[in-house]
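Notes for the structure review
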Amino acid sequence: MIVVMKKGATREEIQHMIERVEQLGLKSHPIYGTERTVIAAIGEKRSDHRQSLESGPGVAEVVPILAPYKVASREVKPEPTVIRVGGFTVGDAQIGMIAGPCSVESEEQTLTTARAIKAAGATALRGGAFKPRTSPYSFQGMKEDGLKILATARAETGLPIVTEVMSENDVKLVGRYADILQIGARNMQNYRLLEAVGAEGKPVLLKRGPSATLDELLLAAEYILDAGNPNVMLCERGIRTFETHTRFSLTLASVPYLHDRTHLPVVVDPSHGTGHTVLVARMAAASIAAGADALIIEVHPDPETALSDGYQSLTFKQFAELMTLCRKVAVAMDRVM
Ligand code: PEP
Ligand code: MN
């Protein structure tokens, strides 16, 4: 249920209703909006405390939450969630641009990339230090040494760091270096990991599983929100279909669909979504036209020698061209980039 407080409800009235909700054995998630405060009252069992809550002080109305996901739902919070980390913003007119190598391979590779993407206008640096690879014989990432390199790149460029955490055992370690924790597609339904990043508190980039429905993505986000972390970005990175010409099928309808259902910002990853360098820029532009709040793009100084995902990575020049194209679409969409 959503306890909608009146516009002028006092702090005491809000606090009173939070306590009332908890006394009824429900979990309370207060959401302080610009217009008014609502308290999402969430419980496992269907219990009807509606009338009792409705008679509380400062309460305008109590309405059921129809969506299976609760805190993530637009019903609970009509205005978009805006997440800001340094110069990186998602969720308002500003479009976030996360770019960088698939994997951190060396200080030189990461630093040259960070400088180049920053010069082209990127607002955050991505780079995997813990890599989820299909084969155990593929490069698994530089682990903590990779995180240190990312921290060096941040110190020099000021770009916040987006990097993947693969296991709940690594959340503390990765959280010490990262500004935004990435949950990879393969881990979208690793519920203990979702709870752990929820408790850690840093903003989370949650990637859609290759065979997950959008409701499953929203319910995965709900785990992080329910653990007390409101800063979750959803990332469409393509799903597995019968099509083999692209690495995954990048379903861009998910962007307006998600915006309709949730207040959380939506990021698109056209690098993994297509799996081919030549397709990335145009799908990035299409993502902005679809309303994406941010993009995440793989860029490498020499894609041919990349230790992972070289075939979908852009050179510095290609990334600068992508930015030029995307800016034109952003202007047409009344967005800033
Ligand atoms: C990545 O970002 O390099 C990555 C492994 O992505 P995904 O989890 O979407 O496959
Ligand atoms: Mn990759």
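Relevant structure appears above.
Read on for an overview of the structure. (Residues numbered from 1 in each chain as written. Chains lettered and ligands numbered in written order. Predicted model: local features only at pLDDT ≥ 70, side-chain atom pairs only at ≥ 80, totals over all residues. Heavy atoms only, no water.)

All right, on to the environment of Ala196 then. Looking at the secondary structure, you find Ala196 in helix H6 (residues 191-200). Sequence-wise, Ala196 and Asp260 are 64 residues apart; in three dimensions their C-alpha atoms are separated by 28 Å. With residues up to four places along the chain from it excluded, the contact list for Ala196 reads Glu168 and Val171. (Helix = DSSP H or I, 4+ residues; strand = E, 2+ residues; numbered from the N terminus. Contact = heavy atoms within 4.5 Å.)

Bringing the coordination of the manganese ion (ligand 2) into the picture now. Coordination sphere of the manganese ion (ligand 2), protein contribution only: Cys102 (SG), His272 (NE2), Glu298 (OE) and Asp309 (OD), at 2.0 to 2.4 Å. The sequence pattern describing where the donors of the manganese ion (ligand 2) fall on their chain is C-x169-H-x25-E-x10-D. Of this pair, Cys102 sits in the loop between strand E7 (96-100) and helix H3 (107-120) while Asp309 sits in the loop between strand E14 (294-298) and helix H11 (316-332), and the two are 207 residues apart along the sequence. Per residue, the accessibility class of Cys102 equals that of Asp309, and both read buried. (Donors = N, O, S within 2.8 Å, 3.2 Å for Na, K, Ca; no water. Buried < 20%, exposed > 50% of the residue type's maximum accessible area, 1.4 Å probe, protein only.)

It is worth spelling out the nonpolar core at this point. Generally speaking, a soluble globular protein has its nonpolar side chains buried in company with each other. Of all hydrophobic cores here, the largest spans 78 residues; its most connected members are Leu206, Ile297, Phe319 and Leu322. The element that contributes the greatest number of residues to this core is helix H7 (residues 214-226), accounting for 7 residues. Two domains share this core, each providing at least three of its residues, namely domain 1 (2-63) and domain 2 (83-332). Setting aside residues no more than four positions away along its own chain, Leu322 makes contact with Met97, Val280, Ala281, Ala284, Ile297 and Leu314. (Core = buried A, V, L, I, M, F, W, Y, C linked by side-chain atoms within 4.5 Å. Domains from an automatic or database assignment.)

Let us now look at the packing of aromatic side chains. By convention here, two paired aromatic rings are described through the distance between centres and the angle between planes. On inspection of all chains with the given rule, the structure shows 1 aromatic pair. Both rings, one in Tyr191 and one in Tyr223, keep their centres 4.4 Å apart while their planes meet at 25°; by these two values the pair is stacked. Residue Tyr191 is located in helix H6, and its partner Tyr223 is located in helix H7; the two are separated by 32 residues in the primary sequence. Looking at Tyr223, the relative accessible area reads 31%, which means it is partly exposed. (Phe/Tyr/Trp six-rings, centres within 6.5 Å; stacked < 30°, edge-to-face > 60°.)

A word on the packing of H3 against H11. Two packed helices can be described by the angle between their axes and the distance between those axes. It is at 9 Å that the axes of H3 and H11 come closest, and there the two elements cross at 25°. With respect to H11, the axis of H3 lies roughly parallel. Crossing of H3 against H11: the hand is right-handed. Here H3 contributes Thr112, Thr113, Ala116, Ile117 and Ala120 to the contact with H11, which in turn contributes Phe316, Phe319, Ala320, Met323 and Arg327. Of the residues in the contact of H3 with H11, the class split is 7 nonpolar, 2 polar and 1 charged. (Axes fitted to C-alpha atoms, helices over the stretch in contact; angles between N-to-C directions. Parallel < 35°, antiparallel > 145°, perpendicular 65-115°, else oblique. Left-handed = near helix turned anticlockwise from the far one by under 90°. Nonpolar A, V, L, I, M, F, W, Y, C, P; charged D, E, K, R; others polar.)

Right, let's talk about the pattern of salt bridges for a bit. It is possible for side chains of opposite charge to pair when their charged atoms get near one another. Inspection of the entire model under this criterion finds 13 salt bridges. For Arg84, the salt bridge goes to Asp92, with nearest N and O atoms at 3.3 Å. Its relative accessible area of 26% is what places Asp92 among the partly exposed residues. The partner of Glu156 in a salt bridge is Arg115, with the nearest N and O atoms 2.7 Å apart. Taken together, the residues Glu156 in helix H4 (residues 144-157) and Arg115 in helix H3 connect sequence positions 41 residues apart. Judged by its relative accessible area of 45%, Glu156 falls in the partly exposed class. Relative accessible area serves as the criterion here: at 40%, Arg115 is assigned to the partly exposed category. (Salt bridge = Lys/Arg side-chain N within 4 Å of Asp/Glu carboxyl O.)

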